[in-house]
Amino acid sequence: MYKIAIIPPIPLIKAELQRRENIIGNIQVPGMTEMKKLLKIPIAGSLKSSIMLALTLGKTYSILALDNSWTEMIGQRIDKYKLGKHLTSIETVGTHVYNPDRKRDMNETEFQSFFEQLLKSDRQALNSGAETIILGSTTIIRGWKELEDLLKIPVIAPGIAALKAAEKMISSGRIASI
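**What about the nonpolar core?**
Counting 33 residues, the largest nonpolar core has Y61, I74, L118 and L147 as the members making the most contacts within it. For this core, the secondary-structure elements that each account for two or more residues are α3 (46-57), β4 (61-65), α4 (68-81), α5 (108-127), β6 (132-135), α6 (144-151) and β7 (155-156). The greatest single-element share of this core, amounting to six residues, is contributed by α5. Residue contacts for L118: discarding those within four places in its chain leaves L64, V93, L135, I140 and L147. Counting residues in each nonpolar core, the second largest holds five residues, with A162, A165, A166 and M169 among its members.

**Brief notes about the packing of aromatic side chains**
Applying the stated criterion across every chain, the model contains one aromatic pair. Summarising the aromatic geometry, the rings of F111 and F115 are spaced 5.9 Å apart at their centres and angled 40 degrees between planes, so their arrangement reads as tilted. Here F115 and F111 lie together in helix α5, a separation of four residues that amounts to about one turn. Judged on exposure class, the residue F111 and its partner F115 are both buried. Here K48 stacks its cationic end above the ring of Y81, 5.2 Å away from the centre of that ring.

**Some points on α3**
If you check α3, its first and last C-alpha atoms are 16 Å apart, about what twelve residues at 1.5 Å a residue would give, namely 16 Å. Among the residues making up α3, those that are buried are S46, L47, S49, S50, I51 and A54.

**Describing the environment of R174**
Along the chain, R174 falls in the segment after α7 (158-172). Overall, R174 belongs to the exposed group, its relative accessible area being 56%. Each C-alpha atom, one on R174 and one on P42, is 7.5 Å from the other, the two residues being 132 residues apart in sequence. Discounting chain neighbours no more than four positions away, the residues touching R174 are P42 and M169.

**Section: the sheet that holds β6**
Read across the sheet, four strands follow the order β5-β4-β6-β7 without closing on themselves; strand pairing throughout is parallel. Every interior strand has two partners, whereas the edge strands, β5 (87-92) and β7, have only one. Here β4 pairs with β5 via five bridges, running parallel. If you follow A65 over to β5, its bridge partner there is T92. Packed onto the sheet, α5 meets β4, β5 and β6 and runs at close to 155 degrees relative to β5.

**Some details on the packing of α5 against α6**
When two helices pack together, their arrangement is given by the angle between the helix axes and by the axis-to-axis distance. Running from N to C, α5 and α6 cross one another at 45 degrees; their axes reach a closest spacing of 11 Å. The orientation of α5 with respect to α6, classified from their angle, is oblique. Crossing angle aside, the handedness with which α5 passes α6 is right-handed. When α5 is examined against α6, the residues F115, L118, L119, D122, R123 and L126 are found in contact with a partner set consisting of E146, L147, L150 and L151. Considering only residue class, the contact of α5 with α6 consists of seven nonpolar, no polar and three charged.

How each quantity is defined
Residues numbered from 1 in each chain as written. Predicted model: local features only at pLDDT ≥ 70, side-chain atom pairs only at ≥ 80, totals over all residues. Heavy atoms only, no water. Core = buried A, V, L, I, M, F, W, Y, C linked by side-chain atoms within 4.5 Å. Buried < 20%, exposed > 50% of the residue type's maximum accessible area, 1.4 Å probe, protein only. Helix = DSSP H or I, 4+ residues; strand = E, 2+ residues; numbered from the N terminus. Contact = heavy atoms within 4.5 Å. Phe/Tyr/Trp six-rings, centres within 6.5 Å; stacked < 30°, edge-to-face > 60°. Lys NZ or Arg CZ within 6 Å of the ring centre and 35° of its normal. Expected span 1.5 Å × (residues − 1). Pairing = 2+ DSSP bridges. Axes fitted to C-alpha atoms, helices over the stretch in contact; angles between N-to-C directions. Parallel < 35°, antiparallel > 145°, perpendicular 65-115°, else oblique. Left-handed = near helix turned anticlockwise from the far one by under 90°. Nonpolar A, V, L, I, M, F, W, Y, C, P; charged D, E, K, R; others polar.

See the structure below:
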């Protein structure tokens, strides 16, 4: 079994001190590029892993951001990574999956409402010319397959994309970072 740390926006160096074998950063983690230069372990960022997978599956991609602040942050990261050439749009869903005030997972009614918002944003992404869609948060795990089946194009859950990238880095014995 692999030791993998999925790192929220907290100092990433802590993972190295705890002797993790791998780091998976979520989309909003700042400093991933800098950490990759400092640490001697594989690091898989969810945004970059998702974009690389999206470009393997199609020529263009769109990202579904949770809100306007995420839209801006994701746009800045894409510019920093120089991966915007094939980006057709960043669509705003308008709500978050995770809400700390709720202190529980979404119930079925809440999830259905969220899913409808995702579907609306997905359709806007398709209209922009996207051949693949990236969900804009590692917290969006539920529903990606249903979206993919409805839309008939690849829908990428960033946490899963980063996990698969990290697994490949470990199994191949490479200390690489994406």
